[in-house]
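Chain and residue survey
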Amino acid sequence: MKTIKFLKLISFTAMAALTISCVQDDEYDVPAVGGTEPDVTVNSSIAAVRSAWDQNNSSTGEEIYTFPTDTGDLYLAAYVVSSDYGGNFYKTLIVQDAPESPEFGIQILVDKTALFESYEVGRKVYIKLNGLSVSYDDGSGNDPTDANAGRYSLGSLIGGSVDDIPQFTYTNHIIRSLEVATIVPTVVGIEDFDQDNLNTMIQIQGMQFERNEIGKTYAGEANDQYDGFRILLSCADESTVTLQTSTFSDFKSHTVNPGQGNISAVLAKDFRADFFVMIISSPDDIDFASADRCDPVILDCGTGAVGGSVVLFDEDFEGTSEGQLTTDGWLNTNVNGGSNDFRLSSFSGNSYMQASAFRSGENPMEVWLVTPGIDLSTTTDEELTFETKVGYHNGDALSVFVSTDFTGDIDTATWALVDADLADSPSSGYGSTFTESGSINISCLEGNVFVAFKYLGSDGGITTTFQIENVKVTGN
């Protein structure tokens, strides 16, 4: 297939907006291990914790299950896969049930910072469950049997919700073993993300930061609130995933690695549990040593001044309908056969085409909106412009291409990516104004030119709403 499929983009959000960085002193060392192994009988598991919540919810409808204190002791064994040394995890331990090829993982909420001092990555721990509570959150419905993966959290029941295990009791529940194992990340593809991968250490190979992330920091940009979201692209299939970094992390101002390679991280869900994110403990978890990136072909018609008084194409989506757009030669298609596509919408009297993977039920959701052919044969200095606006931005789901050999089949056409300015904020709510694309020089193209707006997101992944209006081509 000659189609260039490139996503120009898809929390562990800070647990509290007003907290300060959780690591103030990088001089701590993990204390030397001594003594004897705790006298603990392991008679439970992370799987049993999940099952306890599932059975309680299905039988009573209650969304929190608390382990009894009037029965025998319940212990599970697990291995730590998170570190708050760099400040990217806050008052949280992520543990999985084996150092290699784990079945399940879970997050444990703890009212304690600098947990790495006692519970470094690989440390085996015993979790006493008596008196602890477990919750489940998938962003909507909280049904573990549906397709939307959710996270299980273990902590103390405080004020009707599962919260941090208090600082003065957490050592009664999280007991340190003498064993420190080597954690072997599970190699997966983005398409393999599911409920059972959550809160485990995974590795994705052949990855790079999407080209528009190059030059940015991990979480130090002006529009990064609480967390920075950076899009990672798979060179194998062009699928994407979001890397989430806390704005309280020690490395928030480090520039992202421009190379290509492997990344090891905890697979998690964002703060609202709407979509998958990857969370690293340190930039050392990213091994992008290769300079051989897999960026797409980008249209380059030079830098001269373009545009003129001759209007070759102008669509503002006012006073039209989706049916009329089809009659006029627009193509609006979901390439995977799903029911979602671009929809004609309006707000405050302004019309635009809009796409979003939020609650789409599609993973991935790939839809294309393609203009009719625009004849450049009688003009020169042609310029393409358009405007975009986003809502609830969690990744750049939109990319824009041009083609001169499109005949109706997306997959058989040759597409070149155009370098345009796209809206990229806010992360909550909708932007107040549309962002202009800037002047896009298409003067080196000849004949009929087709402009394509490609939306690539997924329900449970990148769900940003993108709006498009004022698509225009002018020349002399």
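Small disclaimer: the values here were computed from a predicted structure and weren't measured.

Details of the overall build of the protein chain
In terms of regular secondary structure, the protein chain is built from 3 helices and 29 strands. Compactness check: the protein chain gives a C-alpha radius of gyration of 25 Å against a globular reference of 23 Å for 476 residues, within 12% of the reference. Taken across its 476 residues, the protein chain has 54% of its residues classed as buried. For the protein chain, the computed accessible surface area is about 19500 Å², with 46% contributed by carbon and sulfur atoms. Here the protein chain contributes 23 positive and 70 negative side-chain charges, whose respective centroids are spaced 3 Å apart.

So, unusual backbone geometry
For the bond from Ser425 to Pro426, the omega torsion is 15°, close enough to zero to count as cis. Looking at where Pro426 falls in the secondary structure, it is placed in the loop between strand 25 (416–417) and strand 26 (435–436). Backbone geometry places Ala114, a non-glycine residue, at a positive phi of 55°. On the secondary structure map, Ala114 appears in the loop between strand 4 (105–109) and strand 5 (123–128). On the accessibility criterion, Ala114 (10% relative accessible area) is buried. Although it is not a glycine, Asp381 sits at a positive phi angle of roughly 55°. Judged by its relative accessible area of 31%, Asp381 falls in the partly exposed class.

A closer look at the side chain of Asn394
Along the polypeptide, Asn394 turns up in the loop between strand 23 (383–391) and strand 24 (398–403). Polar contacts involving the side chain of Asn394 include one to the main-chain amide nitrogen of Thr463, which spans 3.0 Å. Apart from residues no more than four positions distant in its own chain, Asn394 is found in contact with Ile231, Thr242, Phe275, Gly461, Ile462, Thr463 and Thr464.

What about the confidence of the model for the protein chain?
Counting all residues, the mean pLDDT for the protein chain is 90, and 93% of those residues have values of 70 or more. With pLDDT under 50 throughout, residues 1–32 is counted as low confidence; its partners more than four residues away or in other chains account for 129 contacts.

A word on the pairing of strand 3 (residues 92–96)
Burial of strand 3 is extensive: 5 of the 5 residues sit out of reach of the surface. Neither face of strand 3 is open: one carries Thr92, Ile94 and Gln96, the other Leu93 and Val95, and all of them are buried. The pairing of strand 2 (residues 75–80) with strand 3 spans 2 bridges and is classified as antiparallel. Note on strand 3: the bridge partner recorded for Val80 is Val95. Sheet topology note: the strand 3/strand 4 ladder contains 5 bridges and is antiparallel. In the sheet register, Gln96 faces strand 4, and the bridge partner there is Gly105.

Focus on the pattern of salt bridges
Counted by the stated rule, this structure contains 12 salt bridges. Between Asp137 and Arg151 there is a salt bridge, and its shortest N-O distance comes to 3.8 Å. Here the residue Asp137 occupies a position in strand 6 (residues 133–137), and Arg151 occupies one in strand 7 (residues 151–158), the gap between them amounting to 14 residues. The exposure class assigned to Arg151 is buried, which follows from its relative accessible area of 13%. Salt-bridge contacts for Arg359 lead to Asp274; the nearest nitrogen and oxygen are separated by 3.8 Å. Of the two residues, Arg359 sits in the loop between strand 20 (350–355) and strand 21 (365–370) while Asp274 sits in the loop between strand 14 (260–269) and strand 15 (276–279), which places them 85 residues apart along the sequence. Overall, Arg359 belongs to the partly exposed group, its relative accessible area being 37%.

As for the packing of aromatic side chains
Under the counting rule described, the total for this entry stands at 19 aromatic pairs. The interplanar angle of 40° and the centroid separation of 5.2 Å between the aromatic rings of Trp53 and Tyr136 together place this pair among those described as tilted. Of this pair, Trp53 sits in helix 1 (residues 46–60) while Tyr136 sits in strand 6; the two residues are 83 residues apart in sequence, bridging distant segments of the chain. Judged by its relative accessible area of 0%, Trp53 falls in the buried class. Between Tyr392 and Tyr430, the aromatic rings sit 5.7 Å apart at their centres with planes inclined by 90°, giving edge-to-face as the arrangement. Of the two residues, Tyr392 is situated in the loop between strand 23 and strand 24 and Tyr430 in the loop between strand 25 and strand 26; the sequence distance between them amounts to 38 residues. Grouped by ring-pair contacts, the aromatic residues Trp368, Phe401, Phe406, Trp415 and Phe450 constitute a single cluster. Lying over the aromatic face of Phe276, Lys269 brings its terminal NZ or CZ to 5.5 Å of the ring centre.

About the thresholds
- Here the residue numbering is sequential within each chain, running from 1 through the sequence in written order.
- Side-chain atom pairs in this predicted model are given and counted only at pLDDT of 80 or more, local residue features only at pLDDT of at least 70, and totals for whole chains, interfaces and linings cover all residues.
- Derived side-chain values reflect all non-hydrogen atoms in the structure, with water molecules and hydrogen atoms excluded from consideration.
- In DSSP terms, a helix is any run of H or I states spanning at least four residues, a strand is any run of E spanning at least two, and both are numbered starting from the N terminus.
- The atom set for the radius of gyration is the C-alpha atoms, and the globule formula is 2.2 Å times the number of residues raised to the power 0.38.
- Whether a residue is buried, partly exposed or exposed follows from its accessible area with a 1.4 Å probe, protein chains only, as a fraction of its type maximum: under 20%, in between, or over 50%, in that order.
- For accessible areas, the Shrake-Rupley method is used with a probe of radius 1.4 Å. Any residue's cover is judged against the shown protein chains and nothing else.
- We score Asp and Glu as negative and Lys and Arg as positive, and we do not count His or the chain ends.
- Throughout, a charge is located at the NZ atom of Lys, the CZ atom of Arg, the CG atom of Asp or the CD atom of Glu.
- Here a polar contact means two N or O atoms within 3.5 Å. Within protein one must be a hydrogen donor candidate and the other an acceptor candidate, and residues neighboring in sequence count only if both atoms are side-chain atoms.
- Residue contacts follow a heavy-atom distance rule, with two residues in contact if any of their heavy atoms lie within 4.5 Å.
- pLDDT is defined as a per-residue confidence score from the predictor, taking values between 0 and 100.
- Here a strand pair is declared whenever DSSP counts at least two bridges between the two strands.
- Every case where a carboxyl oxygen of Asp or Glu lies within 4 Å of a side-chain nitrogen of Lys or Arg is listed as a salt bridge.
- Centres within 6.5 Å make a pair out of two Phe, Tyr or Trp rings, where for Trp the six-membered ring is used; the pair is then stacked when the planes are under 30 degrees apart, edge-to-face when over 60, and tilted otherwise.
- We count a charge as sitting over a ring when the NZ of a lysine or the CZ of an arginine lies within 6 Å of the ring centre and within 35 degrees of the ring normal.

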